[in-house]
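Understanding the architecture of this molecule
Residue strings, one per chain:
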2 protein chains.
Amino acid sequence: MEAVGRLAGVSQVTVSRALNNPSKVSAKTLERIKNAIELTGYVPNMVAGALASKRSHLIVALIPSITNFAYSEFIKHFIQVMRGYGYHVLTAETGLSQEEEESILATMLSRRPDGIMMTGINHSAKCKRMILGSGIPVVEIWDITASPIDTCVGFSHAKSGEETAKFAYEKGYRHALAISAGDERALRRKDAFCDTFNKLTQNQVDEICLPGQASLELGRSSLAQAIENGFKSGVVMCSSDLLAHGVIIEAQTRHLKIPQDIAVIGFGNQNFAAFTAPALTTVKVDRAYLGSQAAKVLMTRIDQKPLENKCIDIGFEIVARDSA
Amino acid sequence: MEAVGRLAGVSQVTVSRALNNPSKVSAKTLERIKNAIELTGYVPNMVAGALASKRSHLIVALIPSITNFAYSEFIKHFIQVMRGYGYHVLTAETGLSQEEEESILATMLSRRPDGIMMTGINHSAKCKRMILGSGIPVVEIWDITASPIDTCVGFSHAKSGEETAKFAYEKGYRHALAISAGDERALRRKDAFCDTFNKLTQNQVDEICLPGQASLELGRSSLAQAIENGFKSGVVMCSSDLLAHGVIIEAQTRHLKIPQDIAVIGFGNQNFAAFTAPALTTVKVDRAYLGSQAAKVLMTRIDQKPLENKCIDIGFEIVARDSA
DNA sequence: TTGTAAGCGTTATCAC
DNA sequence: GTGATAACGCTTACAA
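Fair warning: this is a prediction, and the values are worked out from it, not measured in the lab. Per chain, the residues get numbers from 1 upward, laid out in the order the sequence is written. Chain letters start at A and ligand numbers start at 1, both assigned in the order the entries are written. For this predicted model, a pLDDT threshold of at least 70 governs which residues receive local features, and a threshold of 80 or more governs which side-chain atom pairs are given and counted, while totals over whole chains, interfaces and linings are taken from all residues. Computation of side-chain values covers all heavy atoms of the structure but excludes hydrogens and water.

1. Structural notes on the UniProt feature "domain: HTH cro/C1-type" (unreviewed entry) in chain A
- UniProt positions are given in the numbering used here, feature names are shortened, and annotations may be inferred rather than shown by experiment. Residues given the UniProt feature "domain: HTH cro/C1-type" (unreviewed entry) here are residues 1-43 of chain A.
- Numbered from the N terminus, helices here are DSSP runs of H or I no shorter than four residues, and strands are runs of E no shorter than two. The annotated region residues 1-43 of chain A carries 70% helix and 0% strand content, and the separation between its end C-alpha atoms amounts to 9 Å.

Written out as structure tokens, the structure is:
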């Protein structure tokens, strides 16, 4: 900056102003500084800038898994919108474990982010203490609660499970199998589905809880296992589209007709959901909208502007296709 | 740090040393400092640390797409290994465009990363100039070249296409269709496949080049289109497993037998590849290994240690399953 | 083993 | 509109 200033015939401070507050610098000097920057190949140092201004222009984002399409698509949009605001997003994987989240957050906090994005609303007490202690704005996503740490943008997983059960009931299904990944939110959807379906039909729902992440493989093996255990026909509620696709493939391998013998409902409305054979009935959550809303909410907190609503429910929608 | 020092009865510098060079501090004071840190809830400031030491402990990683499983799985491992080294990874999406890469790199450089990871070996001249000018170590991944910007870890895409063609020929296929996404590396695989297959069989390979990213949908529509244009039977080489899965689904919808009527070969060996029906023959690239190797190479450059090999070929492997 | 002093490259505050 | 000066919270010599 010093060198740029020398070349432009101004002081270092004026260069700083030209970069951050161009309106406070005369047009002539602005031009000369611009040229000097071009000539010297000057690259601003955000590290020094962050230290001096106490604004890192950095957001820390914590998601359970980068390879999981649901989260990666959300974070993609979140990053995009944040980039528009002049922010970089440092993403980290927590793997659904509170301890991991805690330990990662601790090191991330030393980067002095201007904002934090966390997935879900269940965090350890120590985690909350660290955040509250830092005074950094937070947005919790992918779920909603009346008492967020700071703000939240998401939807009700219980309601989603409930609506799925009602949908299945209205479609005429009276027997059901629920296949769910082991994470807390998926389980909440499954439980709500089972409760509601049970109330409506008086029939107990068969349940399969998977360890770890959902996959095509687990979808296939789960249906196989259920059939072995006596499941004959009905609707299969899956905690993700990937599991649902696995169920479809396994059913077809066994020459079962979909949706006549076995109907399938997924969750997530992933890109492929409309193109399985038959096309998958699923629950759609607008992840792009979620990303941009989360970014907006976080930014208004960072800018200390008034926020109408600390919590935003972006809802969900059941997309009826051919599999159920 | 000052406050921690006061509480522990030492100077601020000693606290710094206790944190970065504990061996140079006596056990007693170390203990007192540890307690003081606990009591004050002190959180180190890496921004200040980075400015003073000129080490940001930050790596910038540029990938074409976060939602693409191939890249997200790689980056997941890269981040994990880097975390073990005490580094954070700032990931950004370039979307296969050199201009995007350039503009993103420019802003990222102002974070003063200690290392840079880029996808592919084709970058704009300005991009290379910026990197070379900054003097920051770079590792280019997912491809190989004899003349990397700095270092590279990957495999030969041309060779992969070639081997795929040889495999198909040896399996007895004499007619082929190649479906490829529009990105440069996928096209290189496709071209090599077509050339080699052509030489072996004297038969021209049908080709479909897709705009944009691969998807189940495009796999299905591509096969449909090829059949309409007269493709009757043979092997279908796809630039990704997702496309291949789409081809399988479309073929089954049309009651074509796999691999008898239509054989399918994918690329990537994604998690689901072994669990499609029939299981997908594909090209496996060890993305976890790629991630850890890239991290290792970059770290030895950052630590200015000698490097045996600037370029590492991690190879690939054709995994024969039931689809071809 | 510990402390002192001088930066690191910016921004913020004030004066001109 | 522009410039001097003092932070920002650390690390790195160097001295004790």
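2. Notes on the packing of aromatic side chains
All names here are of chain A.
- Here a Phe, Tyr or Trp ring, Trp counted by its six-membered ring, pairs with any other such ring whose centre lies within 6.5 Å, and the pair is stacked when the planes are under 30 degrees apart, edge-to-face when over 60, and tilted otherwise. Evaluated as defined, the whole model comprises twelve aromatic pairs over all chains.
- Three or more aromatic residues joined by ring pairs make a cluster, and in this case those are Tyr71, Trp142, Phe155, Phe267 and Phe316.
- In our convention, an over-ring charge means Lys NZ or Arg CZ found within 6 Å of a ring centre and within 35 degrees of that ring's normal. Of note, Arg189 hangs over the ring of Phe267, and the distance from its end group to the ring centre comes to 3.7 Å.

3. Let's talk about the domain arrangement of chain A
- Domain segmentation is taken from an automatic or database assignment of domains. What the domain assignment lists for chain A is domain 1 (2-40), domain 2 (55-155 + 287-314) and domain 3 (157-284).
- Here the C-alpha centre of domain 3 of chain A lies 62 Å away from the C-alpha centre of domain 1 of chain A.

4. Comments concerning the protein's contact with DNA strand D
- Around DNA strand D lies a shell of 23 residues, among which Thr14(A), Arg17(A), Gln12(B), Ser16(B) and Asn20(B) are the nearest.
- Sugar and phosphate atoms form 67% of the subset of DNA strand D atoms that lie within 4 Å of the protein.
- Think of a polar contact as two N or O atoms within 3.5 Å of one another; within protein, one of them needs to be a possible hydrogen donor and the other a possible acceptor, and neighboring residues in sequence only count if both atoms come from side chains. The side chain of Lys54(A) places a nitrogen or oxygen atom 3.0 Å from a phosphate oxygen of DNA strand D.
- A distance of 2.9 Å is found between a phosphate oxygen of DNA strand D and a side-chain nitrogen or oxygen belonging to Tyr42(B).
- Of all the secondary-structure elements, those providing two or more residues to the surface near DNA strand D are α2 (12-20) and α4 (46-53) of chain A together with α2 (12-20) and α4 (46-53) of chain B.
- Its residues placed into classes, the surface near DNA strand D shows ten nonpolar, ten polar and three charged. We define proximity as follows: a residue is near a molecule or strand when any one of its heavy atoms falls within 4 Å of that partner. Note on residue categories: nonpolar means Ala, Val, Leu, Ile, Met, Phe, Trp, Tyr, Cys or Pro, charged means Asp, Glu, Lys or Arg, and polar means any other residue, Gly included.

5. Description of the nonpolar core
- By size, the foremost hydrophobic cluster in this structure holds 61 residues, and its most contacted members are Phe78(A) and Phe78(B).
- Looking at this core, the elements with two or more residues in it are β1 (58-63), α5 (69-84), β4 (138-141) and α12 (287-302) of chain A together with β1 (58-63), α5 (69-84), β4 (138-141) and α12 (287-302) of chain B.
- Other than its neighbours up to four places away in sequence, Phe78(B) contacts Ile59(B), Val89(B), Met117(B), Gly291(B), Ala294(B), Ala295(B) and Leu298(B).
- Here, nonpolar core means buried Ala, Val, Leu, Ile, Met, Phe, Trp, Tyr and Cys residues that are tied together by side-chain atoms lying within 4.5 Å of each other. Only protein chains enter the accessibility calculation, which uses a 1.4 Å probe; a residue whose area is less than 20% of its type maximum is buried, one above 50% is exposed, and one in between is partly exposed. With 33 residues, the next largest nonpolar core counts Leu105(A), Cys127(A), Val138(A) and Met108(B) among its residues. Throughout, a residue-residue contact means that at least one pair of heavy atoms, one from each residue, lies within 4.5 Å.

6. With respect to the pattern of salt bridges
- Here, a salt bridge means any Lys or Arg side-chain nitrogen found within 4 Å of an Asp or Glu carboxyl oxygen. What the rule picks out here adds up to 32 salt bridges over all chains.
- Residues Lys76(B) and Glu93(A) are paired through a salt bridge, measuring 3.3 Å at the closest nitrogen-oxygen approach. Here Lys76(B) is found in helix α5, whereas its partner Glu93(A) is found in strand β2 (residues 88-93) on a different chain.
- For Lys76(B), a relative accessible area of 19% gives the class buried.
- For Glu93(A), a relative accessible area of 16% translates into the label buried.
- Two residues, Glu250(B) and Arg220(B), come together in a salt bridge whose shortest N-O distance is 2.9 Å. Within this pair, whereas Glu250(B) is found in helix α11 (residues 241-253), its partner Arg220(B) is found in helix α10 (residues 216-228), the two being separated by 30 residues in sequence. Across this residue pair, the class does not change: Glu250(B) and Arg220(B) are buried.

7. Observations concerning the pairing of strand β3 (residues 115-119) of chain B
Residue and element names in this part refer to chain B.
- Across the five residues of β3, five count as buried, placing the element largely inside the fold.
- If DSSP finds at least two bridges between two strands, the strands pair. Relative to β4, β3 runs parallel, the two sharing four bridges. Each bridged residue has a counterpart across the sheet, and for Thr119 the counterpart in β4 is Ile141.
- Place the viewer so that the strands point away; then a crossover is right-handed whenever the path from the first strand over the helix to the second strand goes clockwise. Read as a crossover between parallel neighbours, the route from β3 over helix α7 (residues 125-134) to β4 is right-handed.

8. Observations regarding the packing of helix α8 (residues 157-170) of chain A against helix α9 (residues 184-201) of chain A
Residues and elements named next belong to chain A.
- Only C-alpha atoms enter the line fits that serve as axes; for helices the fit covers just the stretch in contact. Angles between N-to-C directions range over 0 to 180 degrees. It is at 7 Å that the axes of α8 and α9 come closest, and there the two elements cross at 40°. In terms of crossing hand, the pair formed by α8 and α9 is right-handed. From α8, His157, Ala158, Ser160, Gly161, Glu162, Thr164, Ala165, Lys166, Ala168 and Tyr169 reach across to α9, where they touch Arg185, Arg188, Arg189, Ala192, Phe193, Thr196, Phe197, Leu200 and Thr201.
- When its residues are assigned to classes, the contact of α8 with α9 shows eight nonpolar, six polar and five charged. Should the near helix be turned anticlockwise from the far one by less than a right angle, the crossing is termed left-handed; should it be turned clockwise, right-handed.

9. What about the side chain of Ser65(A)?
Residue and element names in this part refer to chain A.
- Along the chain, the position of Ser65 falls in the loop between β1 and α5.
- A residue is classified by how much of its surface remains accessible, and Ser65, at 5% relative accessible area, is buried.
- Among the polar contacts made by the side chain of Ser65, one reaches the side chain of Thr67 at a distance of 3.1 Å.
- Aside from chain neighbours lying at most four places away, what touches Ser65 is Tyr71, Glu93 and Gln213.

10. Overview of the protein's contact with DNA strand C
- Of all residues adjacent to DNA strand C, which total 23 residues, the nearest are Gln12(A), Ser16(A), Asn20(A), Val13(B) and Thr14(B).
- Sugar and phosphate atoms represent 65% of those atoms of DNA strand C found within 4 Å of the protein.
- Ser11(B) is positioned such that a nitrogen or oxygen atom in its backbone is 2.9 Å from a phosphate oxygen of DNA strand C.
- For DNA strand C, a phosphate oxygen lies 2.5 Å from a polar atom in the side chain of Thr14(B).

11. A short note on empty space enclosed by the protein
- Put simply, the grid is 1 Å and covers the protein atoms alone, a cavity is a trapped set of points that fit a 1.4 Å probe, a pocket is an open set with protein on both sides within 12 Å along at least five of seven lines, and lining residues have an atom within 4 Å of a point. Grid points are joined across faces, edges and corners, and a volume is the space filled by probe spheres set on the points. With the rule as written, the count across this model stands at four cavities of 30 Å³ or more.
- The wall of the largest cavity is formed by 14 residues, among which Val47(A), Leu58(A), Arg111(A), Val47(B) and Arg111(B) lie closest to the centre.
- Of all the elements in the fold, those that place two or more residues in the lining of the largest cavity are α4 of chain A together with α4 of chain B.
- Of the residues contributing to the lining of the largest cavity, the split by class is ten nonpolar, two polar and two charged.
- By volume, the second largest cavity is sized at about 60 Å³.
- Lining the second largest cavity are Ile63(A), Ile66(A), Ile75(A), Ile79(A), Thr91(A), Ile66(B), Ile75(B), Ile79(B) and Thr91(B).
- Counting residues per element, the ones that place at least two in the lining of the second largest cavity are α5 of chain A together with α5 of chain B.
- Residues that form the lining of the second largest cavity fall into these classes: seven nonpolar, two polar and no charged.

12. Some words on the sheet that holds strand β8 (residues 234-238) of chain A
All names here are of chain A.
- In spatial order, the strands read β7-β6-β8-β9; together these four strands make up an open sheet with parallel pairing. Both outer strands of the open sheet, β7 (206-209) and β9 (262-265), are each paired with one neighbouring strand and no more. Neighbour-to-neighbour, the strand axes of this sheet turn through a mean angle of 15°, independent of strand direction.
- Direction of pairing for strand β6 (residues 176-180) relative to β7: parallel, over a ladder of four bridges. Residue Ile179 lies in a different strand from β7, and its bridge partner there is Ile208.

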